[in-house]
Amino acid sequence: WADDGYRLWLKFDLIEDAALRQKYLSQVPTIASTSTHPTVQIAVEELRQGLGTLLGKPVAVKPALGANEKGISFKLNPTESGISEEGFKLQTVGGTLQLIAQTERGLLYAAYELLRRVQTGTSLEKLSVTSSPRIQLRLLNHWDNHVGTIERGYAGMSLWKWYELPERLDPRYTEYARANAAIGINGTVVNNVNASARFLTDEYLQKVKALADVFRPYGIKVYLSVNFASPRILGKLKTADPLDPDVRAWWKQKAADVYTLIPDFGGFLVKANSEGEPGPMDYGRTHVDGANVLAEAVKPHGGIIMWRSFVYEPDPKGDRFKAAYDEFKPLDGKFHDNVIIQVKNGPIDFMPREPFSPLFGAMTQTPVSMEFQLTQEYLGWATHWVYQAPLFEEVLSADTHAKGPGSTVAKVLDGSVYKYPITSMVGVANTGSDRNWTGHPMAQANWYALGRMAWEPTLASEQIADEWVKMSLTRKPQAVATIKNIMLKSREIYVDYTSPLGLHHLMGEGHHFGPEPWLNKARRPDWTAVYYHRADSLGLGFDRTARGSNALSQYAPPVQQQFENPATCPLPYLLWFHHVPWTQKLSTGRTLWNELVHRFYSGAEQVKWMQNEWNKVKKDVDSEIFANVAGRLLTQEKEALWWRDACVLYFQEYARQPLPAPYQKPN
Ligand code: GCU
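Just so it is clear, the model here is predicted, and its values are computed rather than measured.

Calculation criteria
Residues numbered from 1 in each chain as written. Predicted model: local features only at pLDDT ≥ 70, side-chain atom pairs only at ≥ 80, totals over all residues. Helix = DSSP H or I, 4+ residues; strand = E, 2+ residues; numbered from the N terminus. Rg over C-alpha atoms; globule rule 2.2 N^0.38 Å. Buried ≥ 20, exposed ≤ 12 C-beta atoms within 10 Å, placed from the backbone. Axes fitted to C-alpha atoms, helices over the stretch in contact; angles between N-to-C directions. Parallel < 35°, antiparallel > 145°, perpendicular 65-115°, else oblique. Left-handed = near helix turned anticlockwise from the far one by under 90°. Contact = placed C-beta atoms within 7 Å. Nonpolar A, V, L, I, M, F, W, Y, C, P; charged D, E, K, R; others polar. Near = placed C-beta within 6 Å. Core = buried A, V, L, I, M, F, W, Y, C linked by C-beta atoms within 7 Å. Domains from an automatic or database assignment. UniProt positions renumbered as here; feature names shortened; annotations may be inferred. Pairing = 2+ DSSP bridges. Right-handed = clockwise from strand over helix to strand, strands pointing away. pLDDT = per-residue confidence, 0-100.

> Explain the overall build of the chain to me, please; I cannot follow it from the model alone.
Secondary structure assignment for the chain yields 19 helices and 16 strands. Over its C-alpha trace the chain gives a radius of gyration of 26 Å, about what one expects of a compact globule, namely 26 Å for 667 residues. Projected onto the principal axes, the alpha-carbon positions of the chain cover approximately 80 × 65 × 50 Å. The burial tally for the chain puts 53% of its 667 residues in the buried class.

Encoded structure:
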């Protein structure tokens, strides 16, 4: 059978190298366990089945290993030192490979780590691995609607078949839980942030409970996005004012109802007073009032509130860049201790490249979490191959200088800069009903990377790519190297042919597909492209220095210094912060105009390079996946030329210069 990508990174095909197989077989021929705990039973079963097919020989499960018998054993020790609740150790003790953890979840993570090592051909000799997640909440956020559609989803319809739930449980829910547990994801917000109040009805809560029951043994908690006006919509109250006693009581009762059904329910995610969603400001209240009333309601049950900072008011003279910081920074420290502010990685909206949001490092007393977007709303939907781990890595390793040098975004997130009581990293899911889960087979790697980096935010994107390719596609060394190389360059290539040098928000209106740099009218000025690129006869780019919007002042002084001088501002961020004359010579030796054209052209040209490289691995990857990616690369090439020509021709009207010599010939 051709492989279509359904098995993701849980593809345990036979290891081709017989000697290596033999070696593993001699080390882990047997699994010892007597546990009746569902989570440990899953761990045993994953190891039994996974090792069995990887090694081409059934692996026996028995109650205990004999003296000197080789094999795998489990040790549950609630007071094990050196690891956290979800952490684990993998240790060789005599001939035994011991999986040690404080909790059953830790044992499950250990089992997946062991499988990863075998899948990637890593030695099991004298193992002494200690691993604990650096971030507590590692979540997917689904933007799935109750009607089965997915906002910004490019991989089919929702995985959740609401109309079949709670009675029928699609086996895919279990596959979803396995895939997530294998990469350390421990929570899922199952519905869209533009939330239908319907999810809090008893009818839907029963459906959500059914999902929670499937996910629980895999260590995955369920969360819901809630509509702030629910007390009005569902409770028939006259208001949803958070300070109204009836509203407060309504939320308390609703939370109690949810926890009766789902005792380990995670909490609520809220998009309030943003893009038309209801919120506390509708009643003259603040984000603090809104978040805290919900926080009080879930607090007795151990729940949390994830309150999003994605807010901005239409202000033609203002700068949307500044909105989230301006609204939230003054509220620092006023939220209850079970509230976390969920911040998108950049100040605008998941653009192909953004500087980190100035809220990272600015909130000293209220925890903030990271929201990345796996679904490729601004990264070519499901037709462009963009490996996002380098984007994640770039943001996580950025230095906020909040408490001196080394205060990276990763350290803000994991609580080491300000001792946050809650830590969290989420990815807006790119999954859907497509057989291969993510539409573009290579987009699976972005889901994988999110899980791995939420566990350990300093993991390198190169290592993650290496693991993912070996686990999901091929173990042939040359093919692994070739595919990794494409992956690691893919995001920069995409940036070059769509938004080089710090351009942003040039995409089509509403659907956000393809280029529309000429867009100068929309329902709001900050939904147009001209608002952001500010092209005129003199130059290009948004001046965010003190001469312009002064958004730069939201960063710590050393960060401001990195960006404030156009002569030294790193080129990838140049037009984010400066209006640069067309004729300005850049550090590359080219003028702005020539550099811009060069990037658009060389970026588009690189898609052909991707195609050529991909062709080289044809014999080493599954035929269906090969053809799927090859087809999408053809579309990508077409669309790269579309971006290139639309942008270059449009900006040329302002630059009023010919294309640089190498690009004058039509191709
Ligand atoms: C973007 C996206 C919307 C989404 C919003 C959000 O604006 O286009 O579809 O609802 O982000 O994150 O809330």
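That shown, we press on.
> Please explain the packing of helix α10 (residues 389-396) against helix α13 (residues 461-472) as it appears in this structure.
For any two helices packed against each other, the geometry comes down to the angle between their axes and how far apart the axes lie. Direction vectors running N to C along α10 and α13 enclose 150°, while the axes themselves pass 9 Å from each other. Classified by the angle their axes make, α10 and α13 are roughly antiparallel. Crossing geometry of α10 relative to α13 is assigned as right-handed. Residue-level inspection shows A389, P390 and E393 of α10 in contact with α13, the latter providing S461, I464 and A465. Here the contact of α10 with α13 is built from residues that sort into four nonpolar, one polar and one charged.

> Quick question: what am I supposed to make of the site of the ligand here?
Residues in contact with the ligand, as listed here, are E151, R152, V193, N194, K271, E275, F310, D349, E377 and H512. Looking at the shell around the ligand residue by residue, the class counts come to two nonpolar, two polar and six charged.

> How should the nonpolar core be read in this particular structure?
Side chains of a nonpolar character, in soluble globular proteins, are inclined to be buried together. Formed by 208 residues in total, the largest nonpolar core has its most connected members in L99, L107, A111, V208, L294 and I305. It is helix α18 (residues 592-616) that provides the largest number of residues to this core, a total of ten residues. Apart from residues lying up to four places away in sequence, L294 is in contact with W251, F268, V270 and I305.

> Can you walk me through the domain arrangement of the chain in this structure?
How large an interface is tends to be reported as the accessible area lost when its parts come together. Split by domain assignment, the chain resolves into domain 1 (18-131), domain 2 (137-460) and domain 3 (496-663). Taking the mean C-alpha position of each, domain 2 and domain 3 sit 29 Å from one another. Taken together, the contact pairs 29 residues of domain 2 with 30 residues of domain 3. Here the side of domain 2 that touches domain 3 is built from residues that sort into 16 nonpolar, seven polar and six charged.

> Looking at this structure, I do not really get the UniProt feature "active site" (unreviewed entry) in the chain. What am I missing?
Here, UniProt's "active site" (unreviewed entry) annotation points to E275, D349 and E377. Tracing the backbone through its elements, the reader meets E275 in the loop between β10 (267-270) and α8 (287-298). Relative to the assigned elements, E377 resides in the loop between β13 (368-373) and α10. In this structure, E377 is in contact with R152, F350 and H512, ignoring residues within four places of it in sequence.

> I keep staring at the sheet that holds β13 and nothing clicks. Help me out?
Two modes of strand pairing occur in sheets, parallel and antiparallel, and in both the strands are linked by backbone hydrogen bonds. The parallel closed barrel is built from eight strands, whose spatial order is β7-β8-β9-β10-β11-β12-β13-β14. Sheet twist, expressed as the mean angle between neighbouring strand axes with direction ignored, is 25°. Of the pairings in the sheet, the one linking β10 to strand β11 (residues 304-308) comprises four bridges and is parallel in character. Across the sheet, V270 pairs through a bridge with W307, a residue of β11.

> Can you walk me through the pairing of β11 in this structure?
Working note: regular strand, side chains alternate between the two faces of the sheet. Taken across its five residues, β11 has five buried, putting it largely inside the fold. Across the two faces of β11 the burial is the same, with I304, M306 and R308 and I305 and W307 all buried. In this region the chain leaves β10, passes through α8 and returns to the parallel neighbour β11; the handedness of that crossover is right-handed. Handedness of the crossover joining β11 and strand β12 (residues 339-344) through helix α9 (residues 323-328) is recorded here as right-handed.

> Mind showing me how you'd approach the sheet that holds strand β1 (residues 30-32) here?
In spatial order, the strands read β2-β1-β3-β5-β4-β6; together these six strands make up an open sheet with mixed pairing. With partners counted over all chains shown, the strands left at the sheet margins are β2 (60-62) and β6 (128-131), one partner each. Recorded for the sheet is a direction-independent mean angle of 20° between the axes of neighbouring strands. Sheet analysis places strand β4 (residues 88-93) next to strand β5 (residues 96-101), joined by five bridges and oriented antiparallel. Note that in β5 the partner of Q91 across the bridge is Q98.

> I would appreciate a short explanation of the confidence of the model for the chain in the present structure.
Low-pLDDT stretches of the model should not have their predicted coordinates read in fine detail. When the pLDDT values of the chain are averaged, the result is 97; 100% of them are 70 or greater. Both confidence scores are given for the complex: pTM 0.98, ipTM 0.99.

> How do you make sense of the UniProt feature "domain: Glycosyl hydrolase family 67 catalytic" (unreviewed entry) in the chain when you look at a structure like this?
Per the UniProt annotation, the sites labelled "domain: Glycosyl hydrolase family 67 catalytic" (unreviewed entry) are residues 118-437. Note that residues 118-437 is 24% helix and 14% strand, and that its end C-alpha atoms are spaced 24 Å apart.

> Explanation requested: the environment of L506 in the structure shown.
As for its placement among the helices and strands, L506 is situated in the loop between α14 (477-498) and α15 (530-533). Those residues in contact with L506 that sit more than four places away from it in its chain are S499, P515, E516, P517, A529, H533 and C647.

> It is not clear to me how the environment of L503 should be interpreted in this structure. Could you clarify?
In this structure, L503 sits in the loop between α14 and α15. For the pair formed by L503 and G71, sequence separation is 432 residues and the distance between their alpha carbons is 56 Å. When residues no more than four places from it in sequence are discounted, the contact partners of L503 are H533 and L575.

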